[in-house]
Amino acid sequence: MNPISFLTQMLRISVPYLFAASGGVIAERAGIITLSLEGYMLTGAFAATLGTHYTGSPWIGLLSGIFGGLVFGMIHAVATIRYRANQVVTGIAINLLAIGVTRFFLKLAFASSSNSPRIEGFGGNNAWHGFDNPLLWMGLLVAPALGFVLYRTPFGLRVRAVGEHPEAAASLGIKVSFIQYVAVALSGMLAALGGVFLALDQHQFTDQMTAGRGFIAVAAVIFGRWDPVRAAIACLFFAFAETLQIQLQGTQIIPSQFVEMIPYLLTIIALAGVVGRAVPPAALGKTAE
Amino acid sequence: MSSRLREQLEEALFPPIVALLVALICGDLLIMSYGQSPATVYRLLLEGTWGNAYGFGQVLYKATTLTFTGLAVSLGIRAGLFNVGAESQLAAGGFVAALLGLGLSPHLPGIIAIILCIIAAAFGGAIVGAIPGWLRVKFGAHEVIVTIMLNFIVLALLNYIVAARLHMPETLHTPEIHNGAIPRLDSFIPAFHGSAANLTIVLALITAGLAWFYMFRTKRGFELRAVGLQPDAAEYGGVSVGGVWMRAMILSGAIAGLGGVNYVLGYKQYYEEGFAGGSGFLGIAVALVGRNHPVGVVLAALFFATLSQGGLAIHAFVPKQMVEVLQGVVILAVAMSVPEVRAILRRSRKPVAA
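The model shown is predicted, which means the values in this text are computed figures rather than measured ones.

Caption draft 1: Representation of the overall build of chain A in the model. When you go through chain A residue by residue, the secondary structure sums to eleven helices and zero strands. When its helices and strands are written in sequence order, chain A yields α-α-α-α-α-α-α-α-α-α-α. For a compact globule of 289 residues, the expected C-alpha radius of gyration is about 19 Å, and chain A comes in at 19 Å, within 12% of that figure. For chain A, the spread of C-alpha atoms along the three principal axes comes to 55 × 45 × 30 Å.

Caption draft 2: The arrangement of the overall build of chain B in detail. Along its length, chain B carries 13 helices and zero strands. Written out in order from the N terminus, the α and β elements of chain B read α-α-α-α-α-α-α-α-α-α-α-α-α. Scaling as 2.2 N^0.38, a compact globule of 354 residues should have a C-alpha radius of gyration of about 20 Å, and chain B matches this with 21 Å. Each of the three principal axes of chain B carries a C-alpha extent, and together these read 80 × 60 × 35 Å.

Caption draft 3: A look at the interface of chain A and chain B. Each side of the interface is counted separately: chain A has 34 residues, and chain B has 37 residues. Ranked by the residues each element gives to the side of chain A that touches chain B, the list is headed by helix α4 (residues 87–110) of chain A, at 14 residues. Looking at the side of chain A that touches chain B, its residues break down into 23 nonpolar, seven polar and four charged.

Caption draft 4: Molecular detail of the confidence of the model for chain A. With 94% of its residues at a pLDDT of 70 or more, chain A has an overall mean of 91. Per-element confidence in chain A ranges from a low mean pLDDT of 86 for helix α11 (residues 256–272) of chain A to a high of 97 for helix α2 (residues 37–55) of chain A.

Caption draft 5: Representation of the environment of A:Ala220 within the structure. All names here are of chain A. As for its position among the elements, Ala220 is in helix α9 (residues 213–223). We classify Ala220 as buried; it has 31 C-beta atoms within 10 Å. In this structure, the C-alpha to C-alpha distance between Ala220 and Val25, residues 195 residues apart in sequence, is 9.4 Å.

Caption draft 6: Summary view of unusual backbone geometry. Located in the positive-phi region is A:Trp226, a residue other than glycine, with phi close to 60 degrees. By the secondary structure assignment, A:Trp226 is in the loop between α9 and α10 (228–248). Here the phi dihedral of B:Asn292 falls at roughly 60 degrees; this positive angle occurs in a residue that is not glycine. Here B:Asn292 shows up in the loop between α11 (279–289) and α12 (294–313). Judged by the 21 C-beta atoms lying within 10 Å of it, B:Asn292 is buried.

Caption draft 7: Representation of the environment of A:Gln180 within the structure. Residue position: A:Gln180 is located in helix α8 (residues 176–202). When the 23 C-beta atoms within 10 Å are taken as the criterion, A:Gln180 is described as buried.

Caption draft 8: Quick peek at helix α8 (residues 219–229) of chain B. All names here are of chain B. Where α8 is concerned, the buried positions are Glu223, Leu224, Val227 and Gly228. The arc that holds every buried residue of α8, seen down its axis, measures 140 degrees, which confines them to one face. Opposite the buried face of α8, by more than 90 degrees, sit the exposed residues Lys219 and Leu229. Buried residues along α8 sit against α3 (53–78), α7 (200–217), α9 (231–236) and α10 (241–268).

Caption draft 9: Inspection of the nonpolar core at higher detail. Formed by 216 residues in total, the largest nonpolar core has its most connected members in A:Ala21, A:Ala220 and B:Ala335. In contact with B:Ala335, not counting residues within four places along its chain, are A:Ala79, A:Ala85, A:Asn86, A:Val89, A:Thr90, A:Ala93 and B:Leu288.

Caption draft 10: Representation of the packing of α3(B) against α11(B). All names here are of chain B. Where α3 meets α11, the axes come as close as 7 Å, and the angle between the chain directions of the two elements is 60 degrees. For the element pair α3 / α11, the angle class is oblique. Regarding α3 and α11, the two cross each other, and that crossing is right-handed. When α3 is examined against α11, the residues Thr65, Leu66, Thr69, Gly70, Ala72, Val73, Ser74 and Ile77 are found in contact with a partner set consisting of Ser279, Gly280, Leu282, Gly283, Ile284, Val286 and Ala287. Among the residues making up the contact of α3 with α11, the classes are represented as eight nonpolar, seven polar and no charged.

Caption draft 11: View of the confidence of the model for chain B. Averaged over every residue, the pLDDT of chain B is 92; the share at 70 or more is 98%. For this predicted complex, the interface confidence reaches an ipTM of 0.90, while the overall pTM sits at 0.93.

Caption draft 12: Inspection of the packing of α2(A) against helix α3 (residues 58–82) of chain A at higher detail. Axis separation between α2(A) and α3(A) bottoms out at 7 Å; the angle between their running directions is 145 degrees. Seen from above, α2(A) lies across α3(A) with right-handed handedness.

Caption draft 13: Here's a closer look at helix α4 (residues 86–103) of chain B. Relative to the 26 Å expected for 18 residues at 1.5 Å per residue, α4(B) spans 26 Å between its end C-alpha atoms, a close match to the ideal helical length. Buried residues dominate α4(B), accounting for 15 of its 18 residues.

Caption draft 14: Broad picture of the environment of A:Gln249. All names here are of chain A. Tracing the backbone shows Gln249 in the loop between α10 and α11. We classify Gln249 as exposed; it has 11 C-beta atoms within 10 Å. For the pair Gln249 and Thr267, spaced 18 residues apart in sequence, the C-alpha separation works out to 25 Å.

The rules behind each value
- Residues numbered from 1 in each chain as written.
- Chains lettered and ligands numbered in written order.
- Predicted model: local features only at pLDDT ≥ 70, side-chain atom pairs only at ≥ 80, totals over all residues.
- Helix = DSSP H or I, 4+ residues; strand = E, 2+ residues; numbered from the N terminus.
- Rg over C-alpha atoms; globule rule 2.2 N^0.38 Å.
- Contact = placed C-beta atoms within 7 Å.
- Nonpolar A, V, L, I, M, F, W, Y, C, P; charged D, E, K, R; others polar.
- pLDDT = per-residue confidence, 0-100.
- Buried ≥ 20, exposed ≤ 12 C-beta atoms within 10 Å, placed from the backbone.
- Arc of directions from axis to C-beta.
- Core = buried A, V, L, I, M, F, W, Y, C linked by C-beta atoms within 7 Å.
- Axes fitted to C-alpha atoms, helices over the stretch in contact; angles between N-to-C directions.
- Parallel < 35°, antiparallel > 145°, perpendicular 65-115°, else oblique.
- Left-handed = near helix turned anticlockwise from the far one by under 90°.
- Expected span 1.5 Å × (residues − 1).

Okay, here's the thing in structure tokens:
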């Protein structure tokens, strides 16, 4: 096993998780349950494909991917903040909606029910092992950046206050719903970048190409106890397990299905509190009246 | 009609009506984006579902599975628990039923084999439901996350067992069961010929009736709803909240597991990877639109089954994926209008101060 190729493969697998988990952390720290990461990623991947296909520029694709995530994030925000809809139901509905919308417009735009034509991407210089892809670097930097925003800026302080004790935050003059709108919008855009990376890395959009990665990110958020850096470490660990499984394929030491289970099993163990209980933000899921 | 009943009906019925209107408008836009006429497409959708026996049979078949998963989710919600695991409970129920059907002797009388397999399906679902129930009661692990994570774990485990031990060569399904097959409706009513509708629909209606009786006419059901509304108050009133939650998750899982009967015993006579196909998640939509009442769940199951079958009927004109968009729109619209409708109705009912 070549350590360099192992590392690069692991990083490439981890980038979508890193983006999506960061999105999950910011929205949930503001008190909004976010099971819709999968939907944001899928929309981001599709919008990036459309943008790149019609302009030929992956940078425009990147922007349209972010825009797609913003639109779906705003749906989640309006439904849960303005209309006080159940946050779990809304998240699941957004995932279903994203699958439906991307399939419908895949058919409309490319007359296909499985994939888009080939699109441009970033990098592609084999000597660089994927490190010439700016999205890879952004993915590796997003968690520390989010950690800085959450713990070292006034905005981050407000986000945490809103997620822990919205009434107290409101009494100090913080506009609770405004902070939540911004956090959920950011979460949509960040998670969408995970999808953008996938689409540009594989040079096309395929139906349901996110394949449950959004839920692995949800698992990482919980396993990382709602902290950006710890969530990122969880993402790297999940990606490590996945890479190991791919590299060991053929040797049949552990069936792939058991490796697939690792993130989910660890999350349940973390929630049950066997090794240090995972405690969510105090006001998570409670909408202020 | 008493005014209390009327208020309840208004609160229950307005959100789905609003959602239907919103979905119709979205559907119009999608159809027109494809350059078709909405009226024609909607007429095709109705003709392909309720307009002919085959289409109607398919609607009944799909509604049967959705009734089970919808009942499962709504029973959990009545107890204050959100069971997002109906998908894997459904799969586990179908798997255990198929396993027993494979093991049973073909000489056993059919009716006994069917009953045994049905019990097996409920058992399979109940086990998968019991895990999050136990983790919630014992450790306070939130059932939403645990059931989501369990979906992946259970489905991966079942896929492994089928792939490694049980599958027929070149396929992802088990061999056909030796006993326990449930007759299709077309063996009594020839007009249903070719549709998958089978007698499991009777089991679905009986389950809906029993779920209603349990929730609204028994002491246990009263406790369950009390815990769902105010767990602290119920505990103070002498109800064991943990016991109620455990029972609710086991029952919810068992009902979802029964849904596996429809495909495995009634339709294909084997377990196949991925047969649940999202019916468990759609159960959340069914429970939501059906307002967690067994009658509403049956109607909502028919509605979502019509949408899903209708997608196939319109596919020549508009991609069938349109109905997937509409499903999402309906769920979102109901979820958004429930608190809104309640607030508006409460406000309008307040006596006006002189």
